[in-house]
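Chain residues, written in single-letter form:
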Amino acid sequence: MSRAVIRLRTAGSLTVAQFRQHKLQLTLAIIGVALAVLSMTLLAGAGIGVLETGEQGFDAAERDLWVTSGETRITSAGGGGFENTLYNSRNLSAEMEAHEDVQHAIPLAFDTVYVSTNHSDEFHTFVATGVPGGGPVVQITEGEGIQGDTHYANGTYEGEMTREVVIDKETADSLNISTGDTVNIGGSLAAARQNQFTIVGISPTFERMLGTPTVTMPLSELHQVTGTTQTEPATFITITIEDGASVNTVQKDLEEAYPEYEIRTNQEQLSAVLQEQVLLLAAAGALVLLAIGSGIALTISLLSLVIHQQRQTFAALTAQGISRSLLVSTVIGQGFIIGLIGGAIGILLTVPAVSIFNRLAAAIVGFEGLLQTAPWIYGTGLGIAVVVGTIAAATAGWRISRTPPLELLH
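Residues numbered from 1 in each chain as written. Predicted model: local features only at pLDDT ≥ 70, side-chain atom pairs only at ≥ 80, totals over all residues. Heavy atoms only, no water.

So, on to helix α8 (residues 247-257). Buried residues of α8: Val 250, Gln 251 and Leu 254, and no others. Along the axis of α8, the buried positions cluster into a sector of 100 degrees, meaning they face one direction only. What points out from α8, more than 90 degrees from its buried face, is the exposed set Asn 248, Lys 252 and Glu 256. (Buried < 20%, exposed > 50% of the residue type's maximum accessible area, 1.4 Å probe, protein only. Helix = DSSP H or I, 4+ residues; strand = E, 2+ residues; numbered from the N terminus. Arc of directions from axis to C-beta.)

Structure (structure tokens):
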């Protein structure tokens, strides 16, 4: 036991001596490990963010059930959105809302429209959201919400149009418009030129849900400007159940009453939306695997290089009678300290780096929280730095110890 303690103290003293003698090299090694860990946590955070952004979007909608007709397909037309395959949505939602445990059954339609400001003849494509009035559907952060859906007029579409629209902040910034301004909106260029709307409020609701700039208007007016008043299509009907009611019970009741429709919970609906997005899921998984693989590779290469650069010093120590086991113990100490300090610095740098990149992503592409970290990401990064760094250093030290000292000195 005393020999082991003496050997450990000696190895520690040699490790400290090496740090003093090679300050610049070992400081650079620590910085390198920190950057390796930082790159790993950021890449892994991007992968996790891709996987969780969609789920958070559905959760943010604060709905319990989603009713669709067949598969819910994402379309890339005009920047994104969903295909509207649920017809006669008004009557269907009214029937479902009659269920005693259903608080709201609200049809939502997403369609691509042309938008132009009153000071420009240039049209841009946006995703338009149609909602049957305001209420709990749309969160307003500035101005007012949509005041009813008078144009519907019990299905006649003869009521007066409110000609009100709510936009998100990204749309406002991209078109340089704000509440009180007017815009032209339509499903075709001809329809857009004929239909002018006043911006009454700013809302982040559907931008967060879809991850793309949106304009929100009464459902009947979206049907009017896109020429779909006869079929009244919707992407889905969102259902909010009464407090205390069972989501599974209501889901089962509606499935029995409407077997021709798909009725899903939040998680089930998200899975249905993403089930054909194989490339998206593969890319997210690949980012996580790439992060871990690159972190391991960088740490091994870096620690091996640092130990290799000290080979002549270790050869001189061996020639003076230092045992191989003591030499390897010294190298292991270096690897452990470099990995621990570098890994800790990398973890500390991750927090501000994630904040900066998320702000850039929100400003450029409109996604908030695109990089998301988790305790296991931090633990994996630190573990790779310490464990892999120590193993890499030990391996390099063992190889040096097996080489004749005179050969290394020569």
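So much for the structure itself; the text now carries on.
Quick look at the environment of Phe 357 now. Here Phe 357 lies in helix α12 (residues 324-364). Among the residues examined, Phe 357 registers a relative accessible area of 41% and is labelled partly exposed. For Phe 357 and Leu 371, which are 14 residues apart along the polypeptide, the C-alpha to C-alpha distance reads 7.4 Å. Once you skip the residues sitting within four places of it in the chain, Phe 357 turns out to touch Leu 42 and Leu 371. (Contact = heavy atoms within 4.5 Å.)

Taken together, the side chains of Phe 336, Leu 340, Ile 341, Ile 345, Leu 349 and Leu 382 define a hydrophobic patch exposed on the protein surface, amounting to about 460 Å² of accessible area. It is α12 that provides the largest number of residues to the nonpolar patch, a total of five residues. Mapped onto the elements, Leu 382 comes out in helix α13 (residues 375-402). (Patch = residues over 30% accessible without salt bridge, like charges linked within 9 Å, V, L, I, M, F, W, Y side chains within 5 Å. Areas by Shrake-Rupley, 256 points an atom, 1.4 Å probe, with all protein chains shown as cover. Salt bridge = Lys/Arg side-chain N within 4 Å of Asp/Glu carboxyl O.)

Taken as a whole and judged by the stated rule, the model has four aromatic pairs. Considering the side-chain rings of Tyr 152 and Tyr 157, the 5.5 Å spacing of their centres and the 90 degrees angle between planes classify their relative orientation as edge-to-face. Take Tyr 152 and Tyr 157: they sit in the same class, and that class is buried. Aromatic rings pair up to connect Trp 66, Phe 110, Phe 206 and Phe 236 into one cluster. Geometry around Phe 197 places Arg 163 over its ring, the cationic atom sitting 5.9 Å from the centre. (Phe/Tyr/Trp six-rings, centres within 6.5 Å; stacked < 30°, edge-to-face > 60°. Lys NZ or Arg CZ within 6 Å of the ring centre and 35° of its normal.)

Next up on the list: the pattern of salt bridges. Per the stated rule, a full pass over the model turns up three salt bridges. Between Asp 149 and Arg 90 there is a salt bridge, with its nearest N and O atoms 2.3 Å apart. Taken together, the residues span a long stretch of sequence, with Asp 149 in the loop between β4 (142-143) and β5 (164-167) and Arg 90 in helix α3 (residues 89-97) at a distance of 59 residues. Residue Arg 90 is classed as buried on the basis of its relative accessible area, which comes to 11%. Of the charged contacts, one joins Arg 264 and Glu 262 as a salt bridge, the two residues approaching to 3.9 Å between their closest N and O atoms. Taking relative accessible area as the criterion, Arg 264 reaches 13% and is therefore assigned buried. Under the relative-accessibility criterion, Glu 262 is labelled partly exposed at 37%.

Counting 21 residues, the largest nonpolar core has Val 165, Ile 167, Val 183, Ile 185 and Phe 197 as its most contacted members. Apart from residues no more than four positions distant in its own chain, Val 165 is found in contact with Val 183, Ile 185, Phe 197, Thr 198, Ile 199, Val 200, Gly 201, Val 215 and Thr 216. Leu 86, Ala 105, Tyr 258 and Ile 263 belong to the second largest nonpolar core, which has 15 residues in total. (Core = buried A, V, L, I, M, F, W, Y, C linked by side-chain atoms within 4.5 Å.)

Right, let's talk about a negative patch on the surface for a bit. Taken together, the side chains of Glu 100, Asp 253, Glu 255 and Glu 256 make up a negatively charged region of the molecular surface. Structurally, Asp 253 can be placed in helix α8. (Lys, Arg positive; Asp, Glu negative; His and termini not counted. Charge placed at Lys NZ, Arg CZ, Asp CG, Glu CD.)

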